[in-house]
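# Summary of structural features
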Amino acid sequence: MPSLSHNQSATELLKKVRKIEIRTKALSHQIFAGEYHSAFKGRGMAFSEVREYQWGDDVRSMDWNVTARLRSPYVKVFEEERELTVVLMVDVSRSGLFGTSGQTKRERLAEIAAVLSFSAILNNDKVGVLFFSDRVEKFIPPKKGRSHLLRIIREMLELQSEGEGTDIGEALRYLTNAIKKKCTVFLLSDMIDAGKDALPRYEDALKVAAGRHDLSVIRVHDPRERLLPPVGLVHIKDSETSQGAWINTDSPAVRREYARWFSTLEERQDALMKRYKIDYVDIATDQDYVKGLMALFNHR
């Protein structure tokens, strides 16, 4: 028989699922459904049939095999692909547990992912999720329907990361191997995956994924990450590696060096997105993400 604490935790989880469903479903209906549709629908063309050539048809659509066989000109007819396959790549590494403005990065990522999921479901698209840290934690293959969507939201709220770091490249490589057909991909992460040189470690995998899929990046950050406050001698701990160190935040040199590293990292991330023509948006945990998502959709 389940324990009382287990029942309580299950009840709390259902409450959280229901709360996020109500909020994100309303946003998807009222705001995002139309924008999502116009931004992502009709981006692919699927073969429909062949028919006899008519005056004004584009000769580039000629089906030369059928034309030769029937000895009469025929063209291929294409139509917009009405159904999309959407894959959300959600960063569940431990750095997402950081939050100083009422919501952690992971909570913000989960809510944005839920909104995108509802928008896709409203448009009768399939939705799948790839959760990752320094490994692929779980992959839920794309499907349709509300029950599938609620499973995704439950996993977002409940999944406990086993990995200790972040490896965006590994997640992108898994995606390109698991999904062969071109799909719409949203990479949701703080994108902090670099060494002391502030060089992103995932460029090669990003290039391959962007060439195969319709990839967009939604980067979430906490405002406190960019600048260290002058609060004296502080013991800091890396949430992913558990390594700790004492630093003097009153030192202007320490604060400058940290700010320089973070600024350089973001500049290099931005350069990668532009190099591979990837649509992306940066959203802070203390900002309303509606404007950010609308900007992403409208940019497309």
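Residues numbered from 1 in each chain as written. Predicted model: local features only at pLDDT ≥ 70, side-chain atom pairs only at ≥ 80, totals over all residues. Heavy atoms only, no water.

## A short note on the packing of helix α3 (residues 105–122) against helix α4 (residues 146–158)
Stated formally: To obtain each axis, a line is fitted to C-alpha atoms, and for helices this fit is confined to the stretch in contact; angles are then taken between N-to-C directions over 0 to 180 degrees. Starting at the N terminus, helices and strands are each numbered in turn, a helix being any DSSP run of H or I of at least four residues and a strand any DSSP run of E of at least two. Geometric relationships in this document are graded by angle, where less than 35 degrees denotes roughly parallel, more than 145 denotes roughly antiparallel, 65 to 115 denotes roughly perpendicular, and other angles denote oblique. Two residues qualify as a contact provided that any one of their heavy atoms is within 4.5 Å of a heavy atom in the partner residue. Think of it as three bins: nonpolar holds Ala, Val, Leu, Ile, Met, Phe, Trp, Tyr, Cys and Pro, charged holds Asp, Glu, Lys and Arg, and polar takes everything else, Gly as well.
Contact geometry for α3 and α4: axes closest at 10 Å, N-to-C directions at 175 degrees. In this view, α3 runs roughly antiparallel relative to α4, as classed from their interaxial angle. Together, Arg106, Ala110, Ala113, Ala114, Ser117, Phe118 and Ile121 of α3 and Leu149, Ile152, Ile153, Glu155 and Met156 of α4 make up the contact between the two elements. When its residues are assigned to classes, the contact of α3 with α4 shows 9 nonpolar, 1 polar and 2 charged.

## A look at the packing of aromatic side chains
The criterion, for reference: Aromatic pairs are defined between Phe, Tyr and Trp rings, using the six-membered ring for Trp, whenever the two ring centres lie within 6.5 Å; interplanar angles under 30 degrees are classed as stacked, those over 60 as edge-to-face, and all others as tilted.
Applying the stated criterion across every chain yields a total of 2 aromatic pairs. Pairing Trp261 with Phe262 gives two aromatic rings, centres 6.1 Å apart and planes at 65 degrees, and the pair type is edge-to-face.

## Some thoughts on α4
Cut-off, in case you're wondering: Here the expected length of a helix is defined as 1.5 Å per residue gap, with one fewer gap than residues. Exposure classes here rest on a 1.4 Å probe applied to the protein chains alone. A residue is buried below 20% of its type maximum, exposed above 50%, and partly exposed in between.
For α4, which comprises 13 residues, the first-to-last C-alpha distance of 18 Å matches the rise-based estimate of 18 Å (1.5 Å per residue) to within 8%. Listed as buried for α4 are His148, Leu149, Leu150, Ile152, Ile153, Glu155 and Met156.

## Here's the deal with the sheet that holds strand β6 (residues 184–189)
Defined as follows: Note on pairing: DSSP must find at least two bridges between two strands before they are called paired.
As summarised here, the arrangement of the 6 strands in space is β5-β4-β3-β6-β7-β10, forming an open sheet in which the pairing is mixed. Edge positions in the sheet fall to β5 (136–143) and β10 (279–284), since each has one partner strand and no second. Adjacent strand axes in the sheet meet at a mean angle of 15 degrees when their direction is disregarded. As paired strands, strand β7 (residues 214–221) and β10 are joined by 6 bridges and run parallel to one another. Bridging across to β10, Val220 finds its partner in Ile283. On the sheet, helix α5 (residues 168–178) packs against β3 (85–91), β4 (126–132), β5 and β6 and is oriented at approximately 145 degrees with respect to β4. Contacts from helix α7 (residues 252–275) reach β7 and β10 within the one sheet, and its direction differs from that of β7 by about 165 degrees.

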